[in-house]
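Reading the structure
Given next are the chains, with one letter for each unit.
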Amino acid sequence: MATIKDVAQAAQVSAAAVSRVLNKDENISVSPEVRTRIFQAAHALGYVSPRQRKAAEVKTHLTIGVADWRILRPDRHNVRLSSLTCLVQMMTDQYEVSFVRLAFGQPQKVDGVIALGVFTEAEADFLRSLSFAIVFVNSGQQSYEFDQVQVDFERGYEQMVSYLLDRKQYTGIGYIGGIYDGPGGRIGVTRAQALRRLLEKRGLYDERLFHIGEISRESGYELACKAIREHTLAEAMLLGSDEVAEGAMDAFREMGVRIPKDVAVIIYQDLQTLESKWPTGTCLEMYPDYVWENALELLFGRISGKRSQAVTVMVPTRLKIGDTA
């Protein structure tokens, strides 16, 4: 079995810090990043503190369904779900939660639902049939029947554009991304459109610098190679998904394009489908942890019966400054 020493080594902190964080010592002063790293290391190693073992005896077990078919391709694994259990451990000792990915029309027994993206009335009715406790995230629901978390995408894009053009003084921004046409609708369209609108306002939009194919590693690689050969890379490039980014970054490396000296890179991170290979990169996080935290808090409130009135919460996206731009 894993020990505190093992967790401390994996998290690169002291054993004392691990013990105090896992035992929810409110007097210890550590950054949110370090706290998260400790819980992630403990989760990955399967370490359970004495406090957690005691709390597990009285925890309420919940199964939460995640409806993401309008955000993430059905054939892609949502790796974010595997880390949400760790997030719950950081938030509360009251619940032990299992997360399952939902598919439209395929009933599953769940205690609550987190629904990401826009849903048709038929899809909303299907979710309603699964649970009374539903939190819609960035869905644009007009009804006050359910709790909602609205994500301020536009503000996130504005922050990114201002950072690149005003603060870093890059002369232009381009885009490498993809579009997926599936039974649930089109995925990836608004990512390029939002950037185009902001650049048009500044008189800086150049369609030659926008490269759009499929949402895949292979497409990202091909688009990046083509852009390099045709000299249609802007000084800063937004890569439209983690899969596209993986291919594009491989192309940059193979063709001798230095990051950020030759081209600055920002990675658009939606729901994760890959474990990040660039933990220190500059990213536009569309669903950062505080989106999930708010969704879970709202859901727990409904499931526990503590609140019957629907609530809407507005949260910002996060521009995480790293070493790629």
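**Brief notes about the sheet that holds strand 11 (residues 264–269)**
Overall, mixed pairing links the six strands, which are arranged 9-6-10-11-12-14 in an open sheet. The open sheet is flanked by strand 9 (210–213) and strand 14 (318–320), the only strands paired with a single partner. Neighbour-to-neighbour, the strand axes of this sheet turn through a mean angle of 15 degrees, independent of strand direction. As paired elements, strand 6 (residues 173–178) and strand 10 (residues 236–239) share four bridges and run parallel to each other. If you follow Gly174 over to strand 10, its bridge partner there is Met237. In this fold helix 8 (residues 189–201) packs onto strand 6, strand 9, strand 10 and strand 11, with an angle of close to 165 degrees to the strand it touches most, strand 6.

**Focus: the nonpolar core**
Ranked by size, the top nonpolar core spans 54 residues in total, and within it Val137, Tyr157, Met160, Leu195 and Tyr287 carry the most contacts. In this structure, Leu195 is in contact with Tyr157, Met160, Val161, Ile173, Gly174, Tyr175, Phe210 and Leu238, ignoring residues within four places of it in sequence. If you look at the next biggest cluster of nonpolar residues, it comprises 21 residues, including Cys225, Leu239, Val265 and Trp278.

**A short note on the pattern of salt bridges**
Throughout the structure, instances matching the rule amount to 18 salt bridges. Here Arg197 makes a salt bridge to Glu154, at a shortest N to O gap of 2.8 Å. Placement of the pair is Arg197 in helix 8 and Glu154 in helix 7 (residues 153–167), with a sequence separation of 43 residues. Taking the relative accessible area as the measure of exposure, Arg197 reaches 40% and is therefore partly exposed.

**A look at the packing of helix 7 against helix 8**
In contact at an axis separation of 10 Å, helix 7 and helix 8 are set at 55 degrees when each is read in the N-to-C sense. Comparing the axis directions of helix 7 and helix 8 gives the class oblique. Here helix 7 and helix 8 pass one another in a crossing that is right-handed. Within the contact between the two elements, helix 7 uses Glu154, Tyr157, Glu158, Met160, Val161 and Leu165 and helix 8 uses Thr190, Arg191, Ala194, Leu195, Arg197, Leu198 and Leu199. In the contact of helix 7 with helix 8, the residues fall into eight nonpolar, one polar and four charged.

**Let's talk about the sheet that holds strand 13 (residues 312–316)**
Within the open sheet, the six strands sit side by side as 2-1-3-4-5-13. Their pairing is parallel. If you trace the sheet from one side to the other, it starts and ends with strand 2 (95–101) and strand 13, each paired once. Here the strands of the sheet are splayed against their neighbours by 20 degrees on average, with no regard to which way each runs. In this structure, strand 4 (residues 134–137) lies alongside strand 5 (residues 147–152), joined through three bridges in parallel fashion.

How each quantity is defined
Residues numbered from 1 in each chain as written. Predicted model: local features only at pLDDT ≥ 70, side-chain atom pairs only at ≥ 80, totals over all residues. Heavy atoms only, no water. Pairing = 2+ DSSP bridges. Helix = DSSP H or I, 4+ residues; strand = E, 2+ residues; numbered from the N terminus. Axes fitted to C-alpha atoms, helices over the stretch in contact; angles between N-to-C directions. Contact = heavy atoms within 4.5 Å. Core = buried A, V, L, I, M, F, W, Y, C linked by side-chain atoms within 4.5 Å. Buried < 20%, exposed > 50% of the residue type's maximum accessible area, 1.4 Å probe, protein only. Salt bridge = Lys/Arg side-chain N within 4 Å of Asp/Glu carboxyl O. Parallel < 35°, antiparallel > 145°, perpendicular 65-115°, else oblique. Left-handed = near helix turned anticlockwise from the far one by under 90°. Nonpolar A, V, L, I, M, F, W, Y, C, P; charged D, E, K, R; others polar.

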